[in-house]
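Single-letter residue listing:
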Amino acid sequence: MSYTSVIKKELTQLETDVCCKRAELSALVRMNGTIQLQNRKVLLDITTENPSTARHMFTLIKSLYAVQPEVLVRRKIRLKKNHVFVIRISETANDILSDLCILKKDSWERIEGISTHLFRDEFCSRAYLRGAFLAGGSVNNPDSASYHLEIVSTYDDHSIALCKLMNDMYLHAKVIERKKGYVVYIKEGDKIGEFLNIIGAHPSLLKFENVRIMKDMRNSVNRLVNCETANLNKTISAAMRQIENIRLIEETMGLETLPEKLREVAVVRLQHPDVNLAELGQLLATGGISKSAVNHRFRKIEQIASGIRDRHKGG
Ligand SMILES: [Zn+2]
């Protein structure tokens, strides 16, 4: 089962109050519902490919309205071989649609956006997001290369309202228009975690956060290793430069012409080309001197060497 399916299954097992059930069902019907006229009768079909969502929608409808929905199963011919589940309401469809704030009362006119009448308590808006995720949501497995959660919806006004609802909860959501409709998405790992928390997917959230923490840890270890490597490279190239300078002095003036302190450090460097400045300081016969003192001596050597190079160029 995909990570998205696991989350959806979890979401359909939550116990919620009547007001929240209504908000959740409203999102499901608005996003996955279609109305059609058959033999002068209005049919409301709500479709899903997810069996737990289908069962859940059936239960929600039964618990909120005195109707007997039909359940139809169709096989998708093209694309995937998945079943498509259709929950069909053939009685009082218009009343239900207006109670769910999708259609205006006694009319077939669609209400734009998301009606605030759906939100009776602080949990209703979370329930609406849960319904929206069940209807058109998916999320990348936390192991995958990038974090991505999206909810696809047909109407732009609804997507914009959904995005706003999410951003009222500081989820950093954005909307983009794609072929399949309008897509509200979240790209930040911690915000996806917050979204899963808000809609009540707690076991999946734990998995998501565990993987995320592991991934972040791996990244910072990598960063650390890269950093160490960079430092090491810096040490090596500095040492190579020092040796180059010392060799030049040795070949031209001879090391014995150097002041005692500089000669000492030069000789030890030639003997230990791969140690860093601090270690080199400890190796000196005159007793340990600090890294910056060693660095100071190498700067002097550098000056002498570049003097030789200048003279060489000039002559
Ligand atoms: Zn509620």
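Residues numbered from 1 in each chain as written. Predicted model: local features only at pLDDT ≥ 70, side-chain atom pairs only at ≥ 80, totals over all residues. Heavy atoms only, no water.

- Within an unreviewed UniProt entry, the label attached to the chain reads Probable cell division protein WhiA, and the organism entered is Polycladospora coralii.
- Quoted straight from UniProt, the Sequence similarities (unreviewed entry) entry for the chain says "Belongs to the WhiA family."
- Recorded in UniProt under Function (unreviewed entry), the annotation for the chain is "Involved in cell division and chromosome segregation." (UniProt positions renumbered as here; feature names shortened; annotations may be inferred.)

**Describing the pairing of strand S7 (residues 174-178)**
(1) Moving on: Pairing geometry for S7 and strand S8 (residues 181-186), over five bridges, is antiparallel. Note on S8: the bridge partner recorded for Glu177 is Tyr182. (Pairing = 2+ DSSP bridges. Helix = DSSP H or I, 4+ residues; strand = E, 2+ residues; numbered from the N terminus.)

**Brief notes about the side chain of Ser159**
(1) Moving on: Mapped onto the secondary structure, Ser159 falls in helix H6 (residues 156-168).
(2) Moving on: Of the residues examined, Ser159 reaches a relative accessible area of 0% and is grouped as buried.
(3) Moving on: The residues touching Ser159, leaving out its near neighbours within four places in the chain, are Ser153, Val175, Tyr182 and Val184. (Buried < 20%, exposed > 50% of the residue type's maximum accessible area, 1.4 Å probe, protein only. Contact = heavy atoms within 4.5 Å.)

**Considerations on the environment of Arg88**
(1) Moving on: Here Arg88 lies in strand S4 (residues 83-89).
(2) Moving on: When residues no more than four places from it in sequence are discounted, the contact partners of Arg88 are Gln36, Gln38, Leu43, Leu44, Asp45, Pro69, Glu70, Leu72 and Arg74.
(3) Moving on: In terms of polar contacts, Arg88 uses its side chain to reach the side chain of Asp45, at 2.8 Å. (Polar contact = N/O pair within 3.5 Å; in protein donor to acceptor, adjacent residues only side chain to side chain.)

**Quick look at empty space enclosed by the protein**
(1) Moving on: According to the stated counting rule, one finds one cavity of 30 Å³ or more in the structure shown.
(2) Moving on: As a volume, the largest cavity reaches approximately 30 Å³.
(3) Moving on: Taken together, Arg30, Met31, Arg110, Ser153, Thr154, Tyr155 and His158 make up the lining of the largest cavity.
(4) Moving on: Here the residues of the lining of the largest cavity sort into two nonpolar, three polar and two charged. (1 Å grid on protein atoms, 1.4 Å probe; cavity = no way out; pocket = protein on both sides within 12 Å on 5 of 7 lines; lining within 4 Å. Points joined across faces, edges and corners; volume = space filled by probe spheres on them. Nonpolar A, V, L, I, M, F, W, Y, C, P; charged D, E, K, R; others polar.)

**Description of a nonpolar patch on the surface**
(1) Moving on: A cluster of nonpolar side chains, namely Ile213, Met214 and Met217, defines an oily patch on the protein surface of about 300 Å² accessible area.
(2) Moving on: By the secondary structure assignment, Met217 is in helix H8 (residues 202-252).
(3) Moving on: In this structure Met217 comes out as partly exposed when scored by relative accessible area, which is 44%. (Patch = residues over 30% accessible without salt bridge, like charges linked within 9 Å, V, L, I, M, F, W, Y side chains within 5 Å. Areas by Shrake-Rupley, 256 points an atom, 1.4 Å probe, with all protein chains shown as cover. Salt bridge = Lys/Arg side-chain N within 4 Å of Asp/Glu carboxyl O.)

**Description of the coordination of the zinc ion**
(1) Moving on: Surrounding the zinc ion are the protein donor atoms Cys19 (SG), Cys20 (SG), Asp121 (OD) and Cys124 (SG), at 2.3 to 2.4 Å.
(2) Moving on: Considering all four donor atoms around the zinc ion, angles at the metal cover 85 to 122° and the coordination shape is tetrahedral.
(3) Moving on: Sequence spacing of the donors to the zinc ion: C-C-x100-D-x2-C. Of this pair, Cys19 sits in helix H2 (residues 18-32) while Asp121 sits in the loop between helix H4 (93-99) and helix H5 (124-136), placing them 102 residues apart in sequence.
(4) Moving on: The class for Cys19 is buried, based on a relative accessible area of 18%. (Donors = N, O, S within 2.8 Å, 3.2 Å for Na, K, Ca; no water. Tetrahedral: all angles 85-135°; square planar, octahedral: opposite > 155°, others 65-115°.)

**As for the sheet that holds strand S6 (residues 149-153)**
(1) Moving on: Taken in spatial order, the four strands line up as S5-S6-S8-S7 in an open sheet, and their pairing is antiparallel. Across the chains shown, the open sheet's two edge strands, defined by having one partner strand only, are strand S5 (137-139) and S7. The mean angle between the axes of side-by-side strands here comes to 25°, regardless of whether they run parallel or antiparallel.
(2) Moving on: Across the face of the sheet, H6 comes into contact with S6, S7 and S8 while running at roughly 10° to S8.
(3) Moving on: Contacting S5, S6 and S8, helix H7 (residues 189-199) runs over the sheet at an angle of about 60° to S6. (Axes fitted to C-alpha atoms, helices over the stretch in contact; angles between N-to-C directions.)

**Quick look at the UniProt feature "domain: Sporulation regulator WhiA C-terminal" (unreviewed entry) in the chain**
(1) Moving on: Residues annotated in UniProt with the feature "domain: Sporulation regulator WhiA C-terminal" (unreviewed entry) correspond here to residues 221-305.
(2) Moving on: With 78% helix and 0% strand, the stretch residues 221-305 has end C-alpha atoms that lie 40 Å from each other.

**Thoughts on the nonpolar core**
When a protein is soluble and globular, its nonpolar side chains tend to lie buried together.
(1) Moving on: Formed by 62 residues in total, the largest nonpolar core has its most connected members in Met166, Phe195 and Leu196.
(2) Moving on: Not counting chain neighbours up to four residues away, the residues in contact with Phe195 comprise Leu129, Phe133, Leu149, Ile151, Met166, Leu171 and Ile186.
(3) Moving on: In terms of nonpolar packing, the next biggest core, distinct from the first, is built from 19 residues, Ile246, Val275, Leu284 and Ile289 among them. (Core = buried A, V, L, I, M, F, W, Y, C linked by side-chain atoms within 4.5 Å.)

**Thoughts on the sheet that holds strand S3 (residues 70-75)**
(1) Moving on: Reading across from one edge, S1-S2-S4-S3 is the order of the four strands in this open sheet, with antiparallel pairing throughout. The open sheet terminates on both sides in strands that have one partner only, identified here as strand S1 (33-38) and S3. Between one strand axis and the next, the sheet turns through 30° on average, direction left out of account.
(2) Moving on: With six bridges connecting them, S1 and strand S2 (residues 41-48) associate as antiparallel partners.

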